[in-house]
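Close look at the chain arrangement
What follows is each chain in one-letter form.
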Amino acid sequence: MKPKPLAHGSHVRVIAPSRSLAIISEGTRTIANRRFAEMGLTLSFGAHVEESDEFGSTTIDHRVSDLHAAFADPTVDGILTAIGGYNCNQMLPFIDWDLIAANPKVFCGYSDITALSCAMYAHTGLVTYSGPHYSTFGMERHFEGTQQRFVDALFNPARRQVDHSARWTDDAWYLDQDDRTERSTDGPWVLTSGEASGQLIGGNLSTLSLLQGTEHMPGLDGSVLFLEDDYLSFPENFDRQLTSLSHQPGFEGVRGVLIGRFQASVDMTRSKLQHIIDSNRRLDGLPIVANLDFGHTDPILTIPVGGQAWLDASPELCMLEIE
């Protein structure tokens, strides 16, 4: 079930299912609001997005209420999360999945939002999106690639080839918009050659792991997994999380694996990641490509959870298409 694309004049609701909008500075909001206006989008905000407790979030009931209100409101065309966090999986037992299924619309966010995106797809079949938060649009410089990919995916969804960025950033831009450093990249790392096509399932690996063994975990059979993690996931932790995922029912039907770019502080070298892949026999024979443009560095792709991927990877060429 694919949502209706966004268009000039669409109404987008911002909700805060993880951390509160209150932690986002006024300067960041001003830049973000300008960008949405330039795209022709009208913004509104959930009733409880500014609430903030000692964990920088708010009650489960209030977060669920804002989610339900956004899906139930017939004037809302799309929903964006304010920012990520650590706790949106708390909401899952209390969500009205029938309400969401009856009112399909664009839902986009990443990191901790993986729990919601994947659970929505598992319960309703609604294609959701792993992509920038509302707050991400407050990045003043080096944002063009992320915004263009957002527009491509949500305004003009179609099968398209993924262009791999030549440069990337990994800095606390929200603290200093001017002190930014672009880094060069050596492009995709083809760790195991091969061809694959299948349904895109994934997001933040640590968050996806929270769904294992629950009714909220999407099926893995026939999937192309896309996985990323942040600075808290050092190589050994990524290894065990990936191993745990490979032990899940249906993993034998996985057709390929895409891995997003790691933050610099993780110190995940190509050699280390190759060792992790080669050591996991459950991954034998799967085409696997890493150092791709998604995760907690920029730019990031907007990836449809439940959409389709086509991968053709060899040492000479990595061709990836998504829809």
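Data block above holds the structure.
Notes on the structure in this doc start here.

Let's shift gears to the overall build of the protein. Tallying secondary structure elements over the protein gives 8 helices and 16 strands in all. A compact globule built from 323 residues should have a C-alpha radius of gyration of about 20 Å, and the protein, at 18 Å, falls within 12% of that. In terms of overall dimensions, the protein has C-alpha extents of about 50 × 45 × 40 Å along its principal axes. By residue count, 59% of the 323 residues in the protein fall in the buried class. Accessible area of the protein: about 13100 Å², with a carbon and sulfur share of 49%. Charge-centre separation for the protein: the mean point of 23 positive side chains lies 3 Å from the mean point of 42 negative side chains.

A few words now on the pairing of strand E4 (residues 106-109). Alternating positions in E4 separate into two faces, Val106 and Cys108 on one and Phe107 and Gly109 on the other, with burial throughout. Of the strand pairs in this sheet, strand E3 (residues 78-81) and E4 are connected by 3 bridges, and their pairing is parallel. The residue of E4 that forms the bridge with Ile79 is Phe107. Bridging between E4 and strand E5 (residues 128-130) involves 2 bridges; their strand directions are parallel. In the strand pairing of E5, Gly109 is matched with Ser130. Of the crossover connections in this fold, the one passing from E4 over helix H4 (residues 114-124) to the parallel E5 is right-handed.

The subject of this paragraph is the sheet that holds strand E6 (residues 160-161). Taken together, 8 strands build an open sheet; the order of strands is E6-E16-E15-E10-E11-E12-E13-E9 and the sheet is mixed. With partners counted over all chains shown, the strands left at the sheet margins are E6 and strand E9 (189-192), one partner each. For E6 and strand E16 (residues 318-322), the ladder comprises 2 bridges, and the chain directions are antiparallel. Bridge pairing in E16 places Gln161 opposite Glu321. The strands that helix H8 (residues 270-279) touches are E9, strand E12 (256-261) and strand E13 (288-295); relative to E9, the one it contacts most, it runs at about 25 degrees.

According to the stated counting rule, one finds 11 salt bridges in the structure shown. For the salt bridge of Arg29 with Glu50, the shortest nitrogen-to-oxygen distance reads 2.6 Å. Of this pair, Arg29 sits in helix H1 (residues 26-38) while Glu50 sits in the loop between strand E2 (42-45) and helix H2 (60-72); the two residues are 21 residues apart in sequence, bridging distant segments of the chain. Given a relative accessible area of 11%, Arg29 falls into the buried group. Taking the relative accessible area as the measure of exposure, Glu50 reaches 43% and is therefore partly exposed. Arg261 is the salt-bridge partner of Asp293, the closest N and O atoms lying 2.8 Å from each other. With Asp293 in strand E13 and Arg261 in strand E12, the pair connects residues that are 32 residues apart, well separated along the chain. Through salt bridges that share partners, Glu26, Arg29 and Glu50 make up one connected network.

What follows concerns a negative patch on the surface. Together, Glu140, Asp176, Asp178 and Asp179 line one region of the surface with negative charge. On the secondary structure map, Asp178 appears in the loop between strand E7 (167-169) and strand E8 (182-184). Judged by its relative accessible area of 59%, Asp178 falls in the exposed class.

With that settled, the discussion passes to unusual backbone geometry. The residue after Asp298, namely Pro299, is reached through a cis peptide bond having omega 5 degrees. Despite not being glycine, Asp267 has its phi angle at roughly 60 degrees, a positive value. Within the secondary structure layout, Asp267 lies in the loop between E12 and H8. Even without being a glycine, Asn291 presents a positive backbone phi close to 65 degrees. On the secondary structure map, Asn291 appears in strand E13.

Criteria and cut-off values
- Residues numbered from 1 in each chain as written.
- Predicted model: local features only at pLDDT ≥ 70, side-chain atom pairs only at ≥ 80, totals over all residues.
- Heavy atoms only, no water.
- Helix = DSSP H or I, 4+ residues; strand = E, 2+ residues; numbered from the N terminus.
- Rg over C-alpha atoms; globule rule 2.2 N^0.38 Å.
- Buried < 20%, exposed > 50% of the residue type's maximum accessible area, 1.4 Å probe, protein only.
- Areas by Shrake-Rupley, 256 points an atom, 1.4 Å probe, with all protein chains shown as cover.
- Lys, Arg positive; Asp, Glu negative; His and termini not counted.
- Charge placed at Lys NZ, Arg CZ, Asp CG, Glu CD.
- Pairing = 2+ DSSP bridges.
- Right-handed = clockwise from strand over helix to strand, strands pointing away.
- Contact = heavy atoms within 4.5 Å.
- Axes fitted to C-alpha atoms, helices over the stretch in contact; angles between N-to-C directions.
- Salt bridge = Lys/Arg side-chain N within 4 Å of Asp/Glu carboxyl O.
- Patch = residues over 30% accessible without salt bridge, like charges linked within 9 Å, V, L, I, M, F, W, Y side chains within 5 Å.

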